[in-house]
Amino acid sequence: MIGLKKKAKYKIETFFLLSPFLILFAIFGLFPILHSFFMSFTNYSALSPDFDFVGLKNYIRAFHDEIFLKALKNTVIFVVGTIPFTTIFSLLLAVLINSKFLPLKDLFKAGFFLPSVISMVVISTIWMYLYSADGFFNKMLELLGTSPIPTSWLAHTKTALLSIMIMDIWAAIGYYTILFLAGLQSIPEQLYEAAEIDGASKSKMFFKITLPLLKPTLYFVIALNTIRSFQIFSEIFTMTGGGPMNATQTIVHYLYIVGFRNFEMGYASAIAYILVLIILTITLIQGRLLRSENI
């Protein structure tokens, strides 16, 4: 009996201590999620208090919306075009920094990580000048004897999305380098020493020891990068606004336009949950593939 009373008291005290977080999460986390999910089945508009239940019409509308389909295509291109380069470059940099032969390691770590602590709006603004008609990249083309782009790189449908992808790769590499570096430093040094005694080459040690033991970190990096890339917004909002001619329109930026410019909150909520479903599906597939023993 005394033991049961102690357990009940312990549970009450635990709930009491957790209650501030639980209450705040319920109000500002759980309720908005459930409310937006309900709104995705309505024609709710912020301009009118009246709305009707429309079922799946918002979801069906999305896949007949040319701008949404364009935004979906651009987002997929952005994800596929940035994640491999970001992952490979950050892994190689982490291996280089973790090597015994590189001096001033802390300086390199701080330098690569610096873009991650700078606001993306600030980075985007700086790169807008680099991409301008008289900016750094056009000057480099002139030095190489190639005709520069007559106006900003961001003003052309063929180069605008690619330009943002290049900037994003540069800005994201440092953060993922630090994550890979943490994973590398958790690998026991004795494994490399034993492999070296057995005459294994550096490349063989990398593929037989480093990569297999980095699989949890690799999965975390790719999953995190996938989620972040599908949610790209600040770069688009700052640099192009989705233009030119929707060439850089992405799902989250289009969601912003639908919800906060057109005030179609029901349709915007449906777009948000389509994005959630896409991210969840891809992340689960990645997890299954990367956790497979065959990789």
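Residues numbered from 1 in each chain as written. Predicted model: local features only at pLDDT ≥ 70, side-chain atom pairs only at ≥ 80, totals over all residues. Heavy atoms only, no water.

Undergrad: Tell me what's going on with the packing of helix 3 (residues 66-98) against helix 10 (residues 215-230), and back it up with residues and numbers.
TA: In contact at an axis separation of 9 Å, helix 3 and helix 10 are set at 150° when each is read in the N-to-C sense. Note that helix 3 runs across helix 10; the crossing there is right-handed. Residues Thr 75, Phe 78, Val 79, Thr 82, Ile 83, Thr 86 and Thr 87 of helix 3 form the contact with helix 10, whose participating residues are Leu 218, Ile 222, Asn 225, Thr 226, Ser 229 and Phe 230. Taken together, the residues of the contact of helix 3 with helix 10 break down into 6 nonpolar, 7 polar and no charged. (Axes fitted to C-alpha atoms, helices over the stretch in contact; angles between N-to-C directions. Helix = DSSP H or I, 4+ residues; strand = E, 2+ residues; numbered from the N terminus. Left-handed = near helix turned anticlockwise from the far one by under 90°. Contact = heavy atoms within 4.5 Å. Nonpolar A, V, L, I, M, F, W, Y, C, P; charged D, E, K, R; others polar.)

Undergrad: How would you explain helix 5 (residues 120-130) if you had to name every residue and give the values?
TA: Looking only at helix 5, the buried set comprises Ile 123, Ser 124 and Trp 127. The arc that holds every buried residue of helix 5, seen down its axis, measures 100°, which confines them to one face. If you follow the buried residues of helix 5, they end up packed against helix 4 (105-117), helix 6 (136-143), helix 7 (160-185) and helix 11 (234-239). The distance from a side-chain oxygen at the start of helix 5 to the backbone nitrogen of Val 121 is 3.2 Å, and the residue carrying that oxygen is Ser 119. (Buried < 20%, exposed > 50% of the residue type's maximum accessible area, 1.4 Å probe, protein only. Arc of directions from axis to C-beta. Polar contact = N/O pair within 3.5 Å; in protein donor to acceptor, adjacent residues only side chain to side chain.)

Undergrad: How would you sum up the packing of helix 10 against helix 13 (residues 265-290)? Please name residues and give values.
TA: Put simply, helix 10 and helix 13 touch, their axes get as near as 10 Å, and they point 165° apart. Between helix 10 and helix 13, the angle is such that the two are roughly antiparallel. Of the two elements, helix 10 crosses helix 13, and the hand of that crossing is right-handed. Along the contact surface, helix 10 presents Lys 215, Leu 218, Tyr 219, Ile 222, Ala 223, Thr 226, Ile 227 and Phe 230, while helix 13 presents Leu 275, Ile 278, Ile 279, Ile 282, Thr 283, Gln 286, Gly 287 and Leu 290. Grouping the constituent residues of the contact of helix 10 with helix 13 by class yields 11 nonpolar, 4 polar and 1 charged. (Parallel < 35°, antiparallel > 145°, perpendicular 65-115°, else oblique.)

Undergrad: Before we move on, can you summarise the environment of Trp 153 with the specific residues and values?
TA: Here Trp 153 shows up in the loop between helix 6 and helix 7. For Trp 153, a relative accessible area of 14% translates into the label buried. Linking Trp 153 and Ala 133, residues 20 residues apart in sequence, is a C-alpha distance of 7.5 Å. Leave out the neighbours within four places in its chain, and Trp 153 touches Tyr 131, Phe 137, Asn 138, Leu 141, Thr 159, Ala 160 and Ser 163. A polar contact is formed between the side chain of Trp 153 and the side chain of Asn 138, at a distance of 3.1 Å.

Undergrad: Could you give me a rundown of a nonpolar patch on the surface, with the residues and numbers involved?
TA: On the surface, a cluster of nonpolar side chains totalling about 790 Å² of accessible area is made up of Phe 15, Leu 18, Phe 21, Leu 22, Phe 25, Leu 30, Ile 33 and Leu 34. Along the chain, the position of Leu 30 falls in helix 1 (residues 2-39). For Leu 30, a relative accessible area of 39% translates into the label partly exposed. (Patch = residues over 30% accessible without salt bridge, like charges linked within 9 Å, V, L, I, M, F, W, Y side chains within 5 Å. Areas by Shrake-Rupley, 256 points an atom, 1.4 Å probe, with all protein chains shown as cover. Salt bridge = Lys/Arg side-chain N within 4 Å of Asp/Glu carboxyl O.)

Undergrad: Explain the packing of aromatic side chains to me, using residue names and the numbers behind them.
TA: Under the defined criterion, the tally for this structure stands at 23 aromatic pairs. Centre to centre, the rings of Tyr 131 and Phe 137 are 4.9 Å apart; their planes meet at 20°, and the pair counts as stacked. The same class applies to Tyr 131 as to Phe 137, namely buried. Positioned above the aromatic ring of Tyr 267, the side-chain terminus of Arg 61 is 3.8 Å from the ring centre. (Phe/Tyr/Trp six-rings, centres within 6.5 Å; stacked < 30°, edge-to-face > 60°. Lys NZ or Arg CZ within 6 Å of the ring centre and 35° of its normal.)

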